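Next come the chains, spelled out residue by residue.
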Amino acid sequence: EAGVVQSPRYKIIEKKQPVAFWCNPISGHNTLYWYLQNLGQGPELLIRYENEEAVDDSQLPKDRFSAERLKGVDSTLKIQPAELGDSAVYLCASSRGQLNTEAFFGQGTRLTVV
Amino acid sequence: AQTVTQSQPEMSVQEAETVTLSCTYDTSESDYYLFWYKQPPSRQMILVIRQEAYKQQNATENRFSVNFQKAAKSFSLKISDSQLGDAAMYFCAYKEGAQKLVFGQGTRLTINP
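Residues numbered from 1 in each chain as written. Chains lettered and ligands numbered in written order. Predicted model: local features only at pLDDT ≥ 70, side-chain atom pairs only at ≥ 80, totals over all residues. Heavy atoms only, no water.

Caption draft 1: Molecular detail of the pattern of salt bridges. Taken as a whole and assessed by the stated rule, the structure comprises 9 salt bridges over all chains. As a salt-bridge pair, Arg48(A) and Glu50(A) come within 2.9 Å of each other at their nearest N and O atoms. Residue class for Arg48(A) comes out buried when judged on its relative accessible area of 5%. Overlapping salt bridges bring together Glu102(A), Arg50(B), Glu52(B) and Lys55(B) as one network. (Salt bridge = Lys/Arg side-chain N within 4 Å of Asp/Glu carboxyl O. Buried < 20%, exposed > 50% of the residue type's maximum accessible area, 1.4 Å probe, protein only.)

Caption draft 2: Up close: the side chain of Arg69(A). Residues and elements named next belong to chain A. Relative to the helices and strands, Arg 69 is located in the loop between β7 (65–68) and β8 (75–79). This buried residue, Arg 69, is left without a salt bridge; Glu 50 holds the nearest opposite charge, at 6.6 Å. Of the polar contacts made by the side chain of Arg 69, one reaches the backbone oxygen of Gly 72; its length is 3.0 Å. Within polar-contact distance, the side chain of Arg 69 engages the backbone oxygen of Val 73 at 2.8 Å. (Helix = DSSP H or I, 4+ residues; strand = E, 2+ residues; numbered from the N terminus. Lys, Arg positive; Asp, Glu negative; His and termini not counted. Polar contact = N/O pair within 3.5 Å; in protein donor to acceptor, adjacent residues only side chain to side chain.)

Caption draft 3: Representation of the environment of Ser58(A) within the structure. Residue and element names in this part refer to chain A. For Ser 58, the location among the structural elements is in the loop between β6 (53–56) and β7. When the C-alpha atoms of Ser 58 and Arg 48 are compared, they prove to be 9.5 Å apart, with 10 residues separating the residues in sequence. Of the polar contacts made by the side chain of Ser 58, one reaches the side chain of Asp 56; its length is 2.9 Å.

Caption draft 4: Structural view of the environment of Ser30(B). On the secondary structure map, Ser30(B) appears in the loop between β4 (24–26) and β5 (33–39). In this structure the C-alpha to C-alpha distance between Ser30(B) and Lys100(B), which are 70 residues apart in sequence, comes to 16 Å.

Caption draft 5: Broad picture of the nonpolar core. One finds Tyr25(B), Trp36(B), Phe75(B), Leu77(B) and Tyr90(B) to be the most contacted residues of the largest nonpolar core, which totals 26 residues. Breaking this core down by element, the ones donating at least two residues are β3 (19–21), β5, β6 (46–52), β8 (64–69), β9 (74–79), β10 (88–95) and β12 (107–112) of chain B. Element by element, the count of residues in this core is highest for β10(B), at 4 residues. Those residues in contact with Leu77(B), other than ones at most four positions away along the chain, are Val19(B), Thr20(B), Leu21(B), Trp36(B), Ile49(B), Phe64(B), Ser65(B), Val66(B) and Tyr90(B). Val4(A), Ile13(A), Leu60(A) and Val113(A) belong to the second-largest nonpolar core, a separate cluster that totals 22 residues. (Core = buried A, V, L, I, M, F, W, Y, C linked by side-chain atoms within 4.5 Å. Contact = heavy atoms within 4.5 Å.)

Written out as structure tokens, the structure is:
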């Protein structure tokens, strides 16, 4: 089966510009996660979806970050406006649901804000 | 809140030797899962091994095994017969049911030929 697909793999933007990342989870996976990974650190959760519902967005900076998963399949994460400190890797992961705890990750998007 | 600590920022080992990566965690729960993920330069997190807290037997996957000490809240990863392809960042992670994965800071493993 195809893995978690993310695009783009790399993105360079100027500060104050908007940017969007896309994630297509593994088919049949109800749970979708967006993680932020700063250089040399472990990933930290931004938002978790169960189908189309955001069930944990407590760590999402809502003044500039937004996410959607309208049909409970693919998802988009947006930053507007981007700041220098947003430079990081954005990882998407998915899992089958509550009874299956293994999460599969995409290759991530490396964002550089200049 | 649950926390995961990896006290070794970097480790190195000679090819074909054995290395152990350390991980401790903090939780008040009794039912949870622990994982070791590998992240090569390609950035994709790859699951190495998982352990259910209710299982006393330590998980093993080929050359990878864990030493799970529930009372001590310790979860170390042993890599036997290290290979050049094992070089990567290794992350220990904790999870309760459908909740989020909580990651440690990672350990960079270098394999010396």
